[in-house]
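Residues per chain are reported as follows:
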Amino acid sequence: MTKTPPRTRGLHELYAEDPEAADKLLWDREVDPVTRRGFLKRSSLLAMAAAVGGSIPFAQQMPGGLIPAALAQSDEPFRLTGKEGLTVLNDRPINAETPPHLLDDDITPGRYMFVRNNGIPPAAEAIDVDAWQLEVTGESCVNPQTFSIAELKQKFEHHTYQLQVECGGNGRSEYVPSASGNQWTTGAVACPTFTGARLRDVLEACGIADDAVYIGYYGADDHVSGDPEREPISRGVPMSKALEDESLIAWAMNGEDIPYLNGHPLRLVCGGWPGSVSGKWLNRIVIRNQKHDGTKMGAPSYSVPKHPVAPGTEVPLEDFETIQSMPVKSLVTFPKSGLTHALGEALTVRGHAWAGDLAVDTVHVSIDFGATWQQAELQPAPNRLAWQRWTSAVEFPEPGYYEVWAKATDSQGRSQPMVVPGWNPKGYLNNACHRIAVQVA
Ligand SMILES: Nc1nc2c(c(=O)[nH]1)N[C@H]1C(S)=C(S)[C@@H](COP(=O)(O)O)O[C@H]1N2
Ligand SMILES: [Mo]
């Protein structure tokens, strides 16, 4: 674990490229109409203090958008701790996605796993693995108990699964009219391996009452307001999902500590469902006798209209339902979009496909905007809820501009749409075909 506080990508680089966007993205300013001075919001101020290595007594006098000299004069680039090559969408809270070509590994390395934060992570230096506690409680828990991580490791069998985690809002940027929230393109998905105890084993050790219907999680991150009474997020899953073999309380990812921004030292992982059910910095699980009612459990969060609606429709809250399994989807992870390819040579394209709780049955690729499709080779998943590798060699008939499209079909016969699917107010579940551009010369 690193002692460096989370930092954002090249602040000075960003300022050089697009000062206005950088200002907006990074400074989160509230402009005082009387003095026209840009006050930093409390959350930004804390980040800035962490980045310069101390509190800033005269923060109120700082002009909005000023880059502290301590950072401007340093040639050490801003970085997200433990991450590489991610595109930062927002820094308070930190949200960063992975470009498709960096998702080419069968097992996503930690440095390439996207980051979706609803709040402010616990300070890295405040995370004490030996002192970390997981409390299991709730009205449907027979014997509430608290475990240290060492106790979890010692009392329960260890299991390792490769599990796909995809944010429910992945693809949101393509909806028209646009939906508010992080404008994810394709990169809020990852499939690393996780090692931990089965959630089921831990719940059973604490006694699941007959009336249990749901579990909920709580994490150690703070609400962006700084109000200790508010949770940034506290979601959960029905008992049936909680009791699956692959639902884990994980202390390791890819055989190492979970990366700080992905929930070190402990997180819940329920693969195949919106990533928001996989609680990071996990310190409490509640067994509930009703659907969990924590922050962002209720509509419209992670919910879609029960019936299709026309784009732009205002949907009453009672007409939403909570998203469960994610829809079938695929990515082209090689080659990187925009390549020039020699005519007459076959081009091997590859990627991954996944389908929420289901398996992927077939993947097809097209080079003619979907007029014809050829079936790709598809590997079985290493375990349930892992993505599947697909590969296909395509040939181009003449020079020019092509797009390679990939389309996966799940084990129940449902395919990805070629255009953006059903608009919904919060922009969830866009599983349209991914495509890359190829110039054939
Ligand atoms: N404690 C906590 N857990 C959390 C979140 C969070 O903000 N706080 N974000 C959730 C959401 S919306 C997603 S998509 C996943 C993202 O996991 P990652 O940041 O490790 O990629 O974590 C989920 N678990
Ligand atoms: Mo998410």
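Everything quoted here is computed from the prediction, not taken from an experiment.

**Student:** Teacher, can you tell me more about the pattern of salt bridges here?
**Tutor:** All told, the structure shown has 16 salt bridges when counted by the stated rule. For the salt bridge of Arg 111 with Glu 84, the shortest nitrogen-to-oxygen distance reads 3.7 Å. Of this pair, Arg 111 sits in the loop between β4 (94-97) and β5 (115-116) while Glu 84 sits in the loop between α4 (69-72) and β3 (87-91), and the two are 27 residues apart along the sequence. Its relative accessible area of 35% is what places Arg 111 among the partly exposed residues. Among the ionic pairs, Asp 410 bridges to Arg 414, the shortest N-O distance being 3.5 Å. Residues joined in a network through salt bridges with shared partners are Lys 241, Glu 244, Glu 246, Asp 357 and Arg 384.

**Student:** Is there a simple way to explain the side chain of Thr 409 in this structure?
**Tutor:** The topology assignment puts Thr 409 in strand β27 (residues 400-410). Classification of Thr 409 as buried rests on a relative accessible area of 12%. If we ignore the near neighbours within four places in the chain, the residues touching Thr 409 are Val 328, Val 360, Asp 361, Thr 362, Arg 414 and Ser 415.

**Student:** Sorry if this is basic, but what is going on with the environment of Arg 92 here?
**Tutor:** For Arg 92, the position within the fold is in the loop between β3 and β4. Given the relative accessible area of 16%, Arg 92 is considered buried. Along the backbone, Arg 92 and Val 224 are 132 residues apart, and their C-alpha atoms lie at a distance of 7.7 Å.

**Student:** Explain the pairing of strand β28 (residues 434-440) to me, please; I cannot follow it from the model alone.
**Tutor:** The two faces of the sheet receive side chains in turn, since in a regular strand these alternate between them. Among the 7 residues that make up β28, 5 are buried, leaving the element largely enclosed by the rest of the structure. Pairing of strand β21 (residues 339-341) with β28 involves 3 bridges; the strand directions are parallel. Directly across from His 341, in β28, lies its bridge partner Val 440. Where β27 and β28 come together, 7 bridges link them in antiparallel fashion. Its bridge partner being in β28, Val 404 is matched across the sheet by Ile 436.

**Student:** When you look at the packing of aromatic side chains in this model, what are you seeing that I'm missing?
**Tutor:** Given two aromatic rings, one states the distance between the centres and the angle between the planes to describe the pair. Under the criterion given, the structure shown has 6 aromatic pairs. Taking the centre distance of 5.9 Å and the plane angle of 85° together, the rings of Phe 369 and Trp 405 count as edge-to-face. Taken together, the residues Phe 369 in the loop between β23 (360-366) and β24 (374-375) and Trp 405 in strand β27 connect sequence positions 36 residues apart. Across from the ring centre of Tyr 218, 4.0 Å away, lies the NZ or CZ of Arg 284, which sits over that ring. Lying across the ring of Phe 334, Arg 350 places its NZ or CZ 4.3 Å from the centre.

**Student:** Looking at this structure, how should I read the confidence of the model for the protein?
**Tutor:** Interpretation of the predicted coordinates at a detailed level should be avoided for regions scoring low in pLDDT. This prediction gives the protein a mean pLDDT of 89; 83% of its residues lie at or above 70. Every residue in residues 1-12 is under pLDDT 50, and counting partners more than four places away or in other chains gives 41 contacts. In the model, residues 22-39 has pLDDT below 50 throughout and makes 48 contacts with residues more than four positions away in sequence or in other chains.

**Student:** Honestly, the pairing of strand β22 (residues 347-354) in this entry has me stumped. Any pointers?
**Tutor:** When you tally the buried positions in β22, you get 6 out of 8 residues, the bulk of the element. Both β22 and strand β26 (residues 388-394) contribute to a ladder of 7 bridges, which runs antiparallel. Looking across to β26, one finds that Leu 347 is bridged to Val 394.

**Student:** Mind showing me how you'd approach the site of ligand 1 here?
**Tutor:** Every one of the 19 residues lining ligand 1 counts as a neighbour, but Phe 114, Asn 118, Asp 221, Arg 267 and Lys 280 are closest to it. Separating a nitrogen atom of ligand 1 from a backbone N or O atom of Ser 278 is a distance of 2.9 Å. Lys 280 is positioned with one of its side-chain polar atoms (N or O) 2.5 Å from an oxygen atom of ligand 1. In isolation ligand 1 offers 520 Å² of accessible surface; the protein chains occlude 100% of this area. Here ligand 1 is seated within the largest cavity. Class assignment for the residues of the shell around ligand 1 results in 8 nonpolar, 7 polar and 4 charged.

**Student:** Got a minute to help me understand the sheet that holds β27 in this structure?
**Tutor:** In any sheet, the strands associate via hydrogen bonds between backbone groups, in a parallel or an antiparallel arrangement. As summarised here, the arrangement of the 5 strands in space is β21-β28-β27-β23-β24, forming an open sheet in which the pairing is mixed. The sheet terminates laterally at β21 and β24, the two strands that pair on one side only. Pairing geometry for β23 and β27, over 6 bridges, is antiparallel. Looking across to β27, one finds that Ser 366 is bridged to Trp 405.

**Student:** What should I look at first to understand the sheet that holds strand β6 (residues 133-137) in this one?
**Tutor:** Pairing in this open sheet of 5 strands is mixed, and the strands run β7-β6-β17-β12-β13 from one edge to the other. Each edge of the sheet is formed by a strand with only one pairing partner; in this case those strands are β7 (145-148) and β13 (236-238). Strand-to-strand twist of the sheet, defined as the mean angle between neighbouring strand axes without regard to direction, takes the value 15°. Here 3 bridges tie strand β12 (residues 214-219) to β13, and the two strands are oriented antiparallel to one another. What sits directly across from Tyr 214, in β13, is Pro 238.

Definitions and cut-offs
- All residue numbers here refer to positions counted from 1 along the written sequence of the relevant chain.
- A letter from A marks each chain and a number from 1 marks each ligand, given out in the order of writing.
- At least 70 in pLDDT is required for a residue's local features to be given in this predicted model, at least 80 for side-chain atom pairs to be given and counted, and no such filter applies to totals for whole chains, interfaces and linings, which use all residues.
- Water and hydrogen atoms were dropped before computing side-chain values, which therefore reflect all heavy atoms in the structure.
- The rule for a salt bridge is simple: a side-chain nitrogen of Lys or Arg has to be within 4 Å of a carboxyl oxygen of Asp or Glu.
- Only DSSP runs of H or I reaching four residues or more are called helices, and only runs of E reaching two or more are called strands; each is numbered from the N terminus.
- A 1.4 Å probe rolled over the protein chains alone gives each residue an accessible area, and that area as a share of the maximum for its type sets the label: buried under 20%, exposed over 50%, partly exposed in between.
- Residue contacts follow a heavy-atom distance rule, with two residues in contact if any of their heavy atoms lie within 4.5 Å.
- Here, strands pair whenever DSSP counts at least two bridges between them.
- Under the pairing criterion, centres of Phe, Tyr and Trp rings, with the six-membered ring standing for Trp, must be within 6.5 Å; the plane angle then separates stacked pairs below 30 degrees from edge-to-face pairs above 60, leaving the rest tilted.
- In our convention, an over-ring charge means Lys NZ or Arg CZ found within 6 Å of a ring centre and within 35 degrees of that ring's normal.
- Each residue carries a pLDDT score, the predictor's own confidence in it, on a scale running from 0 to 100.
- If a single non-hydrogen atom of a residue is within 4 Å of a molecule or strand, that residue counts as near it.
- Pairs of N or O atoms are called polar contacts if they sit within 3.5 Å, as long as, within protein, a hydrogen donor faces a hydrogen acceptor (for residues adjacent in sequence, only side-chain-to-side-chain pairs).
- Here the Shrake-Rupley method, with its probe set to 1.4 Å, supplies the accessible areas, and only the displayed protein chains count as covering residues.
- For each structure, a 1 Å grid was placed over the protein atoms alone; sets of points admitting a 1.4 Å probe that cannot get out are labelled cavities, open sets with protein on both sides within 12 Å along at least five of seven lines are labelled pockets, and lining residues have an atom within 4 Å of a point.
- Grid points define the cavity or pocket, and a molecule sits in it when more than half of its atoms lie within 2 Å of them.
- Each residue is assigned to one class: nonpolar for Ala, Val, Leu, Ile, Met, Phe, Trp, Tyr, Cys and Pro, charged for Asp, Glu, Lys and Arg, and polar for all the others, Gly among them.
- Note on geometry: axes are C-alpha line fits, over the in-contact stretch for helices, and angles between N-to-C directions span 0 to 180 degrees.

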